[in-house]
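Examination of the molecular architecture
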Amino acid sequence: MSNVTRTAMPAAAGRAGAKKELPEHFKAYKHVWVFVELERGRVHPVSWELMGAGRRLADRLKVNLAAVVIGPEGQHTRNAALDAFCYGADMAYLVSDNVLSDYRNESYTKALTELVNTYKPEILLLGATTLGRDLAGSVATTLSTGLTADCTALDVDADGSLAATRPTFGGSLLCTIYTLNYRPQMATVRPRVMPMPERVVRDAARIIVHPLGLVEDDIVTKVLSFLPDRDAETSNLAYADVVVAGGLGLGSPENFRLVRELATLLGAEYGCSRPLVQKGWVTSDRQIGQTGKTIRPKLYIAAGISGAIQHRVGVEGADLIVAVNTDKNAPIFDFAHLAIVSDAIQLLPALTAAFRARLLPNSRARIAV
């Protein structure tokens, strides 16, 4: 009988092996916070989407979910705090002062960092909007903590650390990022990445009112007037129920009209993949994907789009994905619900004609899905 000696190989150095002991002063940081983005009396829907994600994280950690509402004095700000309970908050932090009537980085950063330093959350989530991105970066820098931007998934690992996943290397890979030795763990999430939780009427629980301690003369930036963007409503991709999009498979910018025609008939929004924006065929506000808009429509029709990972993360929340491509091995067929191997240039006019014949003789109503 022969003796076999097995030499134990050293374990690969994983994330756990690299983790250091959390500094003592950070061990008191508990609970999950969601920044409720309130601008001119309206709450951005991404705030409520994050409340749903935050609720799941808080339940995993067995801690409270808190909403953070910062804005001017008045009923709109108070109502935003009250609405947070209807989307799952256990408590709310409220900072209301008339110097917060307009978003300015200096005043909002002071308000949010003071709240963090006083009440010590372990996780802080913000929407990856123009306002949210500006505020998140400033707050993370001020607090000397980590920030993972434009996340597509949030989870909690076995030791309670936030696992924030986002695309990297131009959208070709997904990576999960941890903030191991600093608190709070911060992340931003783009609109429509997370599902909207159901609104359930609930009585308000605990609201903690925190004073700002800032006067107008302390703020360097001054708002002289507010001019709304004339084109703000021209593209509503993120919240459209039906979206039709085209890619390089259309062959030429002239053929993109086929996408617009079908979208118009269906009462839908139209979009495109990143290469079409890069070529100048379509404006950037119509780009769908990680570096464009994230959508969650009931129906998504993708014509001539290959389906690279950066596009996939922007559309995989759709209820029904119909993909048209001449390449039967196109990546988009891996996650489409209905795959059609065909030339989009030929199929789109036929599809438009079929919908027109079905819809227009009966009524002017648009497709209901």
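Structure first, text after, so check above.
All of these numbers come straight from a predicted model, not from anything done at the bench. Every chain is numbered independently, its residues counted from 1 as its sequence is written. The predicted origin of the model limits local features to residues at a pLDDT of at least 70 and limits the giving and counting of side-chain atom pairs to 80 or more, whereas totals for whole chains, interfaces and linings rest on all residues. Side-chain numbers here rest on the full set of heavy atoms in the structure, without hydrogens or water.

1. Some points on the overall build of the chain
- Counting its regular elements, the chain contains 9 helices and 17 strands.
- Residues classed as buried in the chain amount to 48% of the 369 residues present.
- Working rule for contacts: check all heavy atoms of both residues, and any pair within 4.5 Å makes them a contact. Summarising the internal contacts of the chain: among those between residues at least 6 apart in sequence, 69% fall at separations of at least 24.
- Only the protein chains shown count as cover for residues, and all accessible areas are computed by the Shrake-Rupley method using a 1.4 Å probe. Summed over all atoms, the accessible surface of the chain reaches about 18400 Å², with 51% contributed by carbon and sulfur. Runs of H or I in DSSP of at least four residues are treated as helices and runs of E of at least two as strands, each being numbered from the N terminus. A 1.4 Å probe rolled over the protein chains alone gives each residue an accessible area, and that area as a share of the maximum for its type sets the label: buried under 20%, exposed over 50%, partly exposed in between.

2. Quick notes on the packing of helix α6 (residues 257-266) against helix α9 (residues 344-359)
- Helix axes are fitted to C-alpha atoms over the stretch in contact, other axes to C-alpha atoms as well, and angles between N-to-C directions run from 0 to 180 degrees. At their nearest, the axes of α6 and α9 sit 9 Å apart, and the two run at 20 degrees to each other. When the axes of α6 and α9 are compared, the pair comes out roughly parallel. Crossing hand, α6 versus α9: left-handed. Here Leu-258, Val-259, Glu-261, Leu-262, Leu-265 and Leu-266 of α6 come into contact with α9, specifically with Ile-345, Leu-348, Pro-349, Leu-351, Thr-352, Phe-355, Arg-356 and Leu-359.
- Its residues placed into classes, the contact of α6 with α9 shows 11 nonpolar, 1 polar and 2 charged. Relative orientations are named as follows: roughly parallel for angles under 35 degrees, roughly antiparallel for angles over 145 degrees, roughly perpendicular for angles from 65 to 115 degrees, and oblique for any other angle. In a left-handed crossing the near helix is turned counterclockwise from the far helix by less than a right angle, and in a right-handed crossing that turn is clockwise. Each residue is assigned to one of three groups, with Ala, Val, Leu, Ile, Met, Phe, Trp, Tyr, Cys and Pro labelled nonpolar, Asp, Glu, Lys and Arg labelled charged, and all others, Gly among them, labelled polar.

3. Details of the sheet that holds strand β1 (residues 32-36)
- Spatially, β7-β11-β6-β1-β4-β5-β12 is the arrangement adopted by the 7 strands of the open sheet, whose pairing is parallel. Looking at which strands have only one partner, the edges of the open sheet turn out to be β7 (147-151) and β12 (206-209). Each strand axis lies, on average, 20 degrees off the axis of its neighbour in the sheet, ignoring direction.
- As defined by bridge partners, β7 adjoins strand β11 (residues 185-189) across 3 bridges and the pair is classed as parallel. Residue Leu-147 lies in a different strand from β11, and its bridge partner there is Met-186.
- Sitting on the sheet, helix α2 (residues 45-61) touches β1, β4 (65-71), β6 (123-127) and β11, and the angle it makes with β1 is about 175 degrees.
- Its contacts with the sheet place helix α3 (residues 75-86) against β4, β5 (91-96) and β12, and it is angled at close to 170 degrees to β5. A pair of strands counts as paired when DSSP detects no fewer than two bridges linking them.

4. Side note on helix α5 (residues 130-143)
- Any helix carries an expected span of 1.5 Å times its number of residues minus one. The end-to-end C-alpha distance of α5 is 20 Å, a good match for the 20 Å that 14 residues give at a rise of 1.5 Å each.
- Buried within α5 we find Leu-131, Gly-132, Leu-135, Ala-136, Ser-138, Val-139, Ala-140 and Leu-143.
- Against β1, β2 (38-39), α4 (105-119), β6, β7 and β11 lie the buried residues of α5.
- Just downstream of α5, Ser-144 is the residue with a positive phi angle, here 55 degrees.

5. Describing the pairing of strand β16 (residues 321-325)
- A large share of β16 lies buried, amounting to 5 of its 5 residues.
- Inspection of the sheet shows strand β15 (residues 299-303) paired to β16 by 4 bridges, in the parallel sense. From the neighbouring strand, Tyr-300 faces β16, where its bridge partner is Ile-321.
- Read from β15 through helix α8 (residues 309-315) to β16, the crossover connection turns out right-handed.
- As defined by bridge partners, β16 adjoins strand β17 (residues 338-341) across 4 bridges and the pair is classed as parallel. Its bridge partner being in β17, Val-322 is matched across the sheet by Leu-338. For a crossover, the right-handed case is the one in which the path from the first strand over the helix to the second runs clockwise, viewed with the strands pointing away from the viewer.

6. Remarks on the sheet that holds strand β14 (residues 269-272)
- Ordered in space as β14-β13-β15-β16-β17, the 5 strands form an open sheet in which the pairing is parallel. The sheet is open, and its two borders are formed by β14 and β17, each paired with just one other strand. Shown here is a sheet whose adjacent strand axes are inclined to one another by a mean of 15 degrees, direction ignored.
- Relative to strand β13 (residues 242-246), α6 is tilted by about 175 degrees, and along the sheet it contacts β13, β14 and β15.
- α9 rests against β15, β16 and β17 of the sheet, and its axis sits at about 140 degrees to β15.

7. Looking at the side chain of Thr-352
- Here Thr-352 lies in helix α9.
- Judged by its relative accessible area of 3%, Thr-352 is buried.
- When residues no more than four places from it in sequence are discounted, the contact partners of Thr-352 are Glu-261, Leu-262 and Leu-265.

Note that every value here comes from positions in space, so none of it alone points to a role or purpose.
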